Amino acid sequence: MPTKKYALIIGNGYYHSDAGVKDIPYTLSDARAVARMLRHPLIGQFNDLDVTLVLDGPSWLIGRKLEDLFNNKKSDDILLVYFSCHGYKDDQGELFLLSNNTRRRNLITTSIPVSLIKSLMDKSLSRRQILILDACFSGSFGKSLTKAANDNIPFEELSGTGKYIIASSTSI
């Protein structure tokens, strides 16, 4: 059976007043553009039905969609997750991706802890995973990785298997 490609595209631009952050509506157009690019027959070549777009979703829905994406996949399936949202680091330095129902005082249950994403990626049978984080502090996700962007990874090494994380900012 040929390799299948699945994508979950998440854009959160509007936040509850208790989140303590300003709205960033451009994240929604960014997410739509990524979904269009992936579905394009000459660019991403993803099947329309295998690209899930979540705009301004609550944390419980995003968590469920993440779990659906990583569960019950084959080892050669390609899984791509794109987040465009606010990122927030707590006092212990843990990164959280904010959703439309995030409350600062209930951060663990009203946002997406990156530890959840790491766990889902680690447990998935897929050996071909791509995570793109367009959020403040997103570089802190990759602290445990063996190579950083400044390691000059040759392009040919980016094919094959593994976990690829692209972060839009540093961990600071």
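Residues numbered from 1 in each chain as written. Predicted model: local features only at pLDDT ≥ 70, side-chain atom pairs only at ≥ 80, totals over all residues. Heavy atoms only, no water.

Between helix H2 (residues 59–70) and helix H4 (residues 114–123), the shortest axis-to-axis distance is 9 Å and the interhelical angle comes to 20 degrees. Classified by the angle between their axes, H2 and H4 sit roughly parallel to one another. H4 is crossed by H2, and the crossing has right-handed handedness. Here Gly63, Leu66, Glu67 and Phe70 of H2 come into contact with H4, specifically with Leu116, Ile117, Leu120 and Met121. (Axes fitted to C-alpha atoms, helices over the stretch in contact; angles between N-to-C directions. Helix = DSSP H or I, 4+ residues; strand = E, 2+ residues; numbered from the N terminus. Parallel < 35°, antiparallel > 145°, perpendicular 65-115°, else oblique. Left-handed = near helix turned anticlockwise from the far one by under 90°. Contact = heavy atoms within 4.5 Å.)

Taken together, 3 strands build an open sheet; the order of strands is E4-E5-E6 and the sheet is antiparallel. With partners counted over all chains shown, the strands left at the sheet margins are strand E4 (87–89) and strand E6 (111–113), one partner each. Ignoring which end each strand starts from, the neighbouring axes of this sheet average 30 degrees apart. Judged from the 3 bridges that link them, strand E5 (residues 95–98) and E6 form a sheet pairing that is antiparallel. Opposite Phe96, over in E6, you have Pro113 as the bridge partner. Running over the sheet, H4 touches E5 and E6 and is turned about 55 degrees from E6. (Pairing = 2+ DSSP bridges.)

Turning our eyes to something else, we now look at the packing of aromatic side chains. In total, this model carries 0 aromatic pairs according to the counting rule given. Over the aromatic face of Tyr88 sits the side chain of Arg104, whose NZ or CZ is 3.9 Å from the ring centroid. (Phe/Tyr/Trp six-rings, centres within 6.5 Å; stacked < 30°, edge-to-face > 60°. Lys NZ or Arg CZ within 6 Å of the ring centre and 35° of its normal.)

Pairing in this open sheet of 5 strands is parallel, and the strands run E2-E1-E3-E7-E8 from one edge to the other. Because the sheet does not close on itself, it has two edges, and the strands there are strand E2 (51–55) and strand E8 (162–167). Taken over all neighbouring pairs, the strand axes of this sheet differ in orientation by 10 degrees on average, direction set aside. Where strand E7 (residues 128–134) and E8 come together, 6 bridges link them in parallel fashion. Looking at the pairing, Leu131 lines up with Ile165 of E8.

Moving on: the environment of Leu61. Its location among the elements puts Leu61 in helix H2. Once the C-alpha coordinates of Leu61 and Ser99 are considered, the two residues, 38 residues apart in sequence, prove to be 9.7 Å apart.

For the rest of this paragraph, the subject is a nonpolar patch on the surface. Together, Met37, Leu42 and Ile43 make up an exposed nonpolar region whose accessible area comes to about 320 Å². Relative to the assigned elements, Met37 resides in helix H1 (residues 26–39). Taking relative accessible area as the criterion, Met37 reaches 35% and is therefore assigned partly exposed. (Patch = residues over 30% accessible without salt bridge, like charges linked within 9 Å, V, L, I, M, F, W, Y side chains within 5 Å. Areas by Shrake-Rupley, 256 points an atom, 1.4 Å probe, with all protein chains shown as cover. Salt bridge = Lys/Arg side-chain N within 4 Å of Asp/Glu carboxyl O. Buried < 20%, exposed > 50% of the residue type's maximum accessible area, 1.4 Å probe, protein only.)

A few words on the side chain of Asn12. With respect to the secondary-structure elements, Asn12 resides in the loop between strand E1 (5–11) and H1. The exposure class assigned to Asn12 is buried, which follows from its relative accessible area of 0%.

The terminal C-alpha atoms of H2, which comprises 12 residues, lie 17 Å apart, in line with the 16 Å expected from a rise of 1.5 Å per residue. Residues of H2 that are buried: Ser59, Ile62, Gly63, Leu66, Leu69 and Phe70. One side of H2 holds all its buried residues, which, seen down the axis, span an arc of 125 degrees. One or two steps after H2, the chain reaches Asn72, where phi turns positive at roughly 55 degrees. (Expected span 1.5 Å × (residues − 1). Arc of directions from axis to C-beta.)

A few words now on the confidence of the model for the protein. Per-residue confidence for the protein averages 87 on the pLDDT scale, and 84% of its residues sit at or above 70. Contacts of residues 144–149 to residues separated by more than four positions or lying in other chains number 6 contacts, the stretch itself having pLDDT below 50. (pLDDT = per-residue confidence, 0-100.)

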